[in-house]
Structure formats: C-alpha cells, structure tokens
There are 2 protein chains.
Amino acid sequence: MLSAIMEDYLKAIYYLQNEADDRVRTSVLAEYMDVEQPTVTSMMKKLSERDFVLYEPYRGVELTDTGVPIALEIIRHHRLLERYLTDHLEYDWAEVHDEADRLEHHISSKFADRIAEQLGQPAVDPHGDPIPTANLDVSGAKDGERLADHQVGDSVQIVRVPDTDPDLLRYLSKHGILPGTVVDVVEIAPFGMVTLDPDSGDGPVALPEEVACSISTQSLTQSSH
Amino acid sequence: MLSAIMEDYLKAIYYLQNEADDRVRTSVLAEYMDVEQPTVTSMMKKLSERDFVLYEPYRGVELTDTGVPIALEIIRHHRLLERYLTDHLEYDWAEVHDEADRLEHHISSKFADRIAEQLGQPAVDPHGDPIPTANLDVSGAKDGERLADHQVGDSVQIVRVPDTDPDLLRYLSKHGILPGTVVDVVEIAPFGMVTLDPDSGDGPVALPEEVACSISTQSLTQSSH
DNA sequence: TGAAATAATTAGATAAGGCTAAATTTATAA
DNA sequence: TTATAAATTTAGCCTTATCTAATTATTTCA
Ligand SMILES: [Mn+2]
Ligand SMILES: [Mn+2]
Ligand SMILES: [Mn+2]
Ligand SMILES: [Mn+2]
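- Under the annotation held in an unreviewed UniProt entry, chain A carries the name DtxR family transcriptional regulator and is attributed to Halorubrum salipaludis.
- UniProt's Sequence similarities (unreviewed entry) comment on chain A is quoted here verbatim: "Belongs to the DtxR/MntR family."
- Note on chain A: under the UniProt heading Subunit (unreviewed entry), the record states "Homodimer."

## A closer look at the overall build of chain A
Okay, so step 1: For chain A, the helix and strand inventory stands at 9 helices and 8 strands.
Okay, so step 2: At 19 Å, chain A has a C-alpha radius of gyration in line with the 17 Å of a compact globule built from 225 residues.
Okay, so step 3: Summarising its shape, the C-alpha atoms of chain A cover approximately 55 × 40 × 35 Å along the three principal directions.
Okay, so step 4: Put simply, chain A has 225 residues, and 46% of those count as buried.
Okay, so step 5: The contacts in chain A between residues at least 6 apart in sequence include a share of 62% that link residues at least 24 apart.
Okay, so step 6: For chain A, the accessible surface area stands at approximately 11,400 Å², while carbon and sulfur atoms represent 48% of it.
Okay, so step 7: Charged side chains in chain A number 18 positive and 42 negative. The centres of these two groups are separated by 7 Å.

## A closer look at the protein's contact with DNA strand D
Okay, so step 1: Around DNA strand D lies a shell of 23 residues, among which Thr41, Lys45 and Tyr55 of chain A together with Ser3 and Thr39 of chain B are the nearest.
Okay, so step 2: Counting only atoms of DNA strand D within 4 Å of the protein, the sugar-phosphate share comes to 75%.
Okay, so step 3: Measuring from a phosphate oxygen of DNA strand D, one finds a side-chain N or O atom of arginine 59 of chain B at 2.7 Å.
Okay, so step 4: Secondary-structure elements contributing two or more residues to the surface near DNA strand D are helix 2 (26-33) and helix 3 (37-49) of chain A together with helix 1 (4-20) and helix 3 (37-49) of chain B.
Okay, so step 5: Tallied by class, the residues present in the surface near DNA strand D amount to 11 nonpolar, 7 polar and 5 charged.

## Regarding the coordination of the manganese ion (ligand 1)
All names here are of chain A.
Okay, so step 1: Coordination of the manganese ion (ligand 1) by the protein involves Asp8 (OD), Asp101 (O), Glu104 (OE) and His105 (NE2), with metal-donor separations of 2.0 to 2.4 Å.
Okay, so step 2: Summarised as a motif, the one-chain spacing of the donors to the manganese ion (ligand 1) is D-x92-D-x2-E-H.
Okay, so step 3: Among the residues examined, aspartate 101 registers a relative accessible area of 25% and is labelled partly exposed.

## A few points about the interface of chain A and chain B
One frequently used descriptor of interface size is the decrease in accessible area upon assembly of the parts.
Okay, so step 1: Residue-level contacts link 19 residues of chain A with 19 residues of chain B.
Okay, so step 2: Taking both partners together, chain A and chain B bury about 1,700 Å²; carbon and sulfur atoms supply 51% of that area.
Okay, so step 3: When the area that chain A buries against chain B is broken down by residue, the three leading residues are Leu89, His106 and Phe111 of chain A, summing to 32%.
Okay, so step 4: Inspection of the region where chain A meets chain B yields 2 salt bridges.
Okay, so step 5: Between glutamate 95 of chain A and lysine 110 of chain B there is a salt bridge; the shortest N-O distance is 2.7 Å.
Okay, so step 6: Here chain A and chain B share 16 residue pairs in polar contact (both at pLDDT 80 or more) between them.
Okay, so step 7: Only helix 4 (67-88), helix 5 (96-103) and helix 6 (109-118) of chain A provide two or more residues apiece to the side of chain A that touches chain B.
Okay, so step 8: Within the side of chain A that touches chain B, the residues separate by chemical class into 8 nonpolar, 4 polar and 7 charged.

## What about the pattern of salt bridges?
Okay, so step 1: Under the defined criterion, the tally for this structure stands at 20 salt bridges over all chains.
Okay, so step 2: Between lysine 11 of chain B and glutamate 104 of chain B there is a salt bridge; the shortest N-O distance is 2.9 Å. In this pair, lysine 11 of chain B sits in helix 1 while glutamate 104 of chain B sits in the loop between helix 5 (96-103) and helix 6 (109-118), placing the two residues 93 residues apart along the sequence.
Okay, so step 3: The buried category is assigned to lysine 11 of chain B, whose relative accessible area is 15%.
Okay, so step 4: Here glutamate 99 of chain B makes a salt bridge to arginine 102 of chain B, at a shortest N to O gap of 3.9 Å. Of this pair, glutamate 99 of chain B and arginine 102 of chain B both sit in helix 5, 3 residues apart, roughly one helical turn.
Okay, so step 5: Relative accessible area serves as the criterion here: at 34%, arginine 102 of chain B is assigned to the partly exposed category.
Okay, so step 6: Sharing partners across several salt bridges, the network here consists of Lys11, Asp101 and Glu104 of chain A.

## A look at the pairing of strand 5 (residues 182-188) of chain B
Residues and elements named next belong to chain B.
Okay, so step 1: Bridging between strand 4 (residues 155-160) and strand 5 involves 3 bridges; their strand directions are antiparallel. Its bridge partner being in strand 5, serine 155 is matched across the sheet by aspartate 184.
Okay, so step 2: Pairing of strand 5 with strand 6 (residues 194-198) involves 5 bridges; the strand directions are antiparallel. Counterpart to glutamate 187 in the pairing with strand 6 is threonine 195.
Okay, so step 3: Hairpin geometry of strand 5 and strand 6 is characterised by an intervening segment of 5 residues between the two adjacent antiparallel strands and by a positive phi of about 95° at glycine 192.

## Things to note about the coordination of the manganese ion (ligand 2)
All names here are of chain A.
Okay, so step 1: Coordination sphere of the manganese ion (ligand 2), protein contribution only: Glu82 (OE), Asp125 (OD), His127 (ND1) and Asp163 (OD), at 2.0 to 2.4 Å.
Okay, so step 2: Sequence spacing of the donors to the manganese ion (ligand 2): E-x42-D-x1-H-x35-D. Taken together, the positions of glutamate 82 in helix 4 and aspartate 125 in the loop between helix 6 and strand 3 (145-146) put the pair 43 residues apart, joining distant regions of the chain.

Rules behind the numbers
Every chain is numbered independently, its residues counted from 1 as its sequence is written. Throughout, the order in which chains and ligands are written sets their labels, letters from A for the former and numbers from 1 for the latter. It should be noted that, the model being predicted, local features are given only for residues of pLDDT at least 70 and side-chain atom pairs only at 80 or more, the latter also being counted only at that level, while totals for whole chains, interfaces and linings use all residues. With hydrogens and water stripped out, all remaining heavy atoms of the structure feed into the side-chain values. UniProt positions are given in the numbering used here, feature names are shortened, and annotations may be inferred rather than shown by experiment. Helical segments are the DSSP runs of H or I of at least four residues, strand segments are the runs of E of at least two, and each set is numbered from the N terminus. Note on method: radius of gyration uses C-alpha positions; expected globular size equals 2.2 Å times residues raised to 0.38. Remark: exposure states derive from per-residue accessible area (1.4 Å probe, protein chains only) relative to the maximum for the residue type, with buried under 20%, exposed over 50%, and partly exposed in between. We call two residues in contact when some of their heavy atoms are within 4.5 Å. Only the protein chains shown count as cover for residues, with accessible areas throughout obtained via the Shrake-Rupley method and a probe of 1.4 Å. For the charge count, each Lys or Arg is scored as positive and each Asp or Glu as negative, with His and the chain ends excluded. The atom standing in for a charge is NZ when the residue is Lys, CZ when it is Arg, CG when it is Asp and CD when it is Glu. By convention in this text, a residue qualifies as near a molecule or strand provided that one of its non-hydrogen atoms is within 4 Å of it. Pairs of N or O atoms within 3.5 Å make up the polar contacts considered here, provided that, within protein, one atom can donate a hydrogen while the other can accept it, and that residues adjacent in sequence are counted only when both atoms are side-chain atoms. Any residue outside Ala, Val, Leu, Ile, Met, Phe, Trp, Tyr, Cys, Pro, Asp, Glu, Lys and Arg is labelled polar, Gly included; the first ten of those are nonpolar and the last four are charged. In this description, a donor is an N, O or S atom within 2.8 Å of the metal centre, a cutoff extended to 3.2 Å for sodium, potassium and calcium. Water is not part of the atom list, which can make sites seem incomplete. The term buried area means the drop in 1.4 Å probe accessible area that two parts suffer when joined, counted for both and summed. Just to be clear on terms, a salt bridge is a Lys or Arg side-chain nitrogen sitting within 4 Å of an Asp or Glu carboxyl oxygen. The criterion for strand pairing is that DSSP finds at least two bridges linking the strands in question.

In structure tokens:
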C-alpha cells in the first residue's frame, strides 16, 4: 500500500507543519529526512500524485485530509511502542526511539491496539508526547509552554522533552528531569541558558537555550491560583 | 547490512535444505518464495557474491557457515514473536504467522532477547517448532516422526504442526490437535487419509494425507516401554 | 546416442528511492 | 528595477528487486 519511507515522509511533514504552522519547504524536509533536496521533490510528486499531500512547486507542501490520518497512525504506533518498550521490556527511555522508528511501520493496527490495551490505554509516551487514540484523536493533547519562556522564580511541571537524542535523555533522567517532574526556575542567563531546581532533589541543573526551547512545560504558579 | 528480502531467501534456503537434505534448486526456491526463476538466479548471485550461500549454476544452492547463523537468527525472531503474540498479546495461533513474518526482520536482537526473557526462554513456538537459543543453538530440537508413518492402533503425541495455513490451524485447534496432544491412530485409508482420536475428547478427526505428512509426532507406544 | 522436454540462465525492462550536476525560479538587496 | 544569491526543480545516473522473452544446459527417453 504505502512504503515505510513514504510513511516517514508523511510523519515528518506532520511534525514540521505543526512546528512552523505553515507549508513545509523542500529544504526543511530534506534537512529533517537527511536526504538531498531533489529526493524530496521527487517524493513530493509521488505523494501528491496519490493525494496524500498538497504540493505546489517552489511553494512547499502540506498534508491533505487523506495524509493526516496516515501520519497519526504511524505516530500512534511509534509512541505506543516506546511506552511498551520502557514499561514491559525494560528499555531505557534513551534507547527506545530508534527501535520504535523502525517497528512503527511494520506492526499491524491490531498489534498496536493490543499493546495499548496491555498498557491501559496510555495518554502519553515516555517523553511526554501524546498518543493518538485508536480512532486517531489527538484533542486530549495539551500544548504547554516552552521552558525557555518562563521567568526566574516560576514553579513549573515538565510536560514533554525531545526524544531523539539519547545523550540528552540520559542527562535529563540522571538529573531527575522527566515528564511530570516539578522544577523551579532559578536562573535564566542572558545567553538563554536556564537553570532549574528539580523537586526530586539532587540540586540545580543547567540547560542550554536550545534544550530549554524544546522542553514543554505547564506553569504551576499561575494555574494553582 | 542485509535486506529483509535477502533474509527471507536465506531463511527459505535453510528450510528447504532441511526438507530435502540436498542443494536447493532454483525452481524449488522460486516456487517457495513465489517469484520467477530469473529472480532467484540473480538473488543467488548476490548472496553468493557476499558469501552467504554456495551457488553453483545449474546445480542449486546451499547456505555457507556465514549464511546459517543469519537464517537461524531470523527463525529465532520469528518463533519468539509467535510465542509472544499468543502468550502475551492474545493472538490466536492461526494468525501469528504473517505478523511474525514481517516483524522478524525489524526487531533488534535486544528486543528478541527481552521477549525471550519475559516468556521464560521458551523452547518451542506455538506450532511446536523449536526456537534457537540466543547463541543460535538448535541441538535441543527433536526431529519426530511424520504422523503419516504410524500404524493403526499407535498412540502418539503431536510435536509439530505446519504453521502457514490459518484455516488448517483453526481446524486443528477446534478438534483439539495441538503440540503436546496425545492421539490414537484409529484408521489409515488407502489413499493416505489418517483418522485420529485425540485424548482431549470430542471424537475422531480425519486428516488428508498431505496434512498427515507435515505433522510431526513422537511415538508413545514404543518409547514408553 | 540423439532428439525432445525440462530447468536454468542471460538479456533487457521497470519501479522505487536515492544521488550529483545543471537549469530554473524566487527572493534579496543594491 | 535589476543583479546577485538562495532555493528548488530537471535531467540523468545508480542500486535493488522484480518481471518477460530469448537462449543455453541438463535430463529424459525413444
Ligand atoms: Mn520510521
Ligand atoms: Mn517519544
Ligand atoms: Mn519474513
Ligand atoms: Mn510457527
């Protein structure tokens, strides 16, 4: 029906579209998929031919109503697999991404539904990313604010962390920064570095700006009053 | 490293080699893999080029010492997955084959080892086929006799049943014929059909010759005295 | 021992997914 | 507004896995 590669492109477009809420440029997609631009152009023609994307030459691409559910299905597979690997097969959260990124294309919907059942229909994956339901609903997903956008003194709860860099994940878990953790923002350096004090003890942790921008949080100081 | 397709060829050669203990002919492999003969010829050249098989034009092919462990690794994955699907994800034994046949190429060895652990290092898959150990040892596998080779009056234990035809599997389990079941051979028709009476009750079941040839058994009347 | 039949290989094509180099379009900025 | 820069697409080639049609080996059997 649809190759694993094509599924990965659709997933990538879905992600990049939400990042920048605009049509996704060839160059951005090429960078993200780690291929050359002409490769993207030819793939976009094929996907457009089959109505999974709306592609306007020189203007970028976006998913159609046919393409979105396919992307969501793969994302569901990916996140359920990650949850399963950590919860039932004792994988570390730093090492689940690659295994899930391959398997997501090869498990059946039945397999996905069964592990969802085993796991008790989890709402989020180990990195805090929302898992679409079996009917591909993602409305339960809260957006959250970027960690980098808080003020010194704020008390915030970690909602989501980026999941592709194993070293970063190991660093974060070592310092007790996980989805659900409550932290105090103790310093924001002029060059963007954010220093946190997790409630879990172990003392303060500094995160570079780039990381602080990609961690999603929920404010406690504001929402609790 | 090695494509899923190539892995399937190696697995097929391993299987067919054991079936007929001889070099595997192009035509036999083509039939088994459901491709045309020239497709096999060109694949054999590639596999031979990379030393996974010993290929002599017009004379057939066999696995090398490099090829065997690769086939065994995939077989291990396949059978562990089947066991996992039935035991932990409530799949029926009739429907596990296709799911396992895809996933076998995409799970890591780590994944395989983890599910083996979860399952308590099982020796056989749901159809009675032996699961190679983590170091690819299959010496524990007992060969068994073909069901078709017994005499009327023999009491035999089912060891292994063919696993690719879901309808047959549903039929067998409906009539209580599973690995481990003890049955009496009550009739062998001149055209090869074998009638069995399973100890599990439910009365006699007739199996066509072809099926009786592909079911592997262990004799109880002989071995118990 | 030679046909005739069968099995296997070679030749040449296709589709998917990728690449590099060249051409073209769009954006930027003087 | 035009020239340069940047982004994108076209053109053409490669590899993998497959096919059909044609050719060549090997068996079989009269
Ligand atoms: Mn993927
Ligand atoms: Mn994740
Ligand atoms: Mn397979
Ligand atoms: Mn099996």
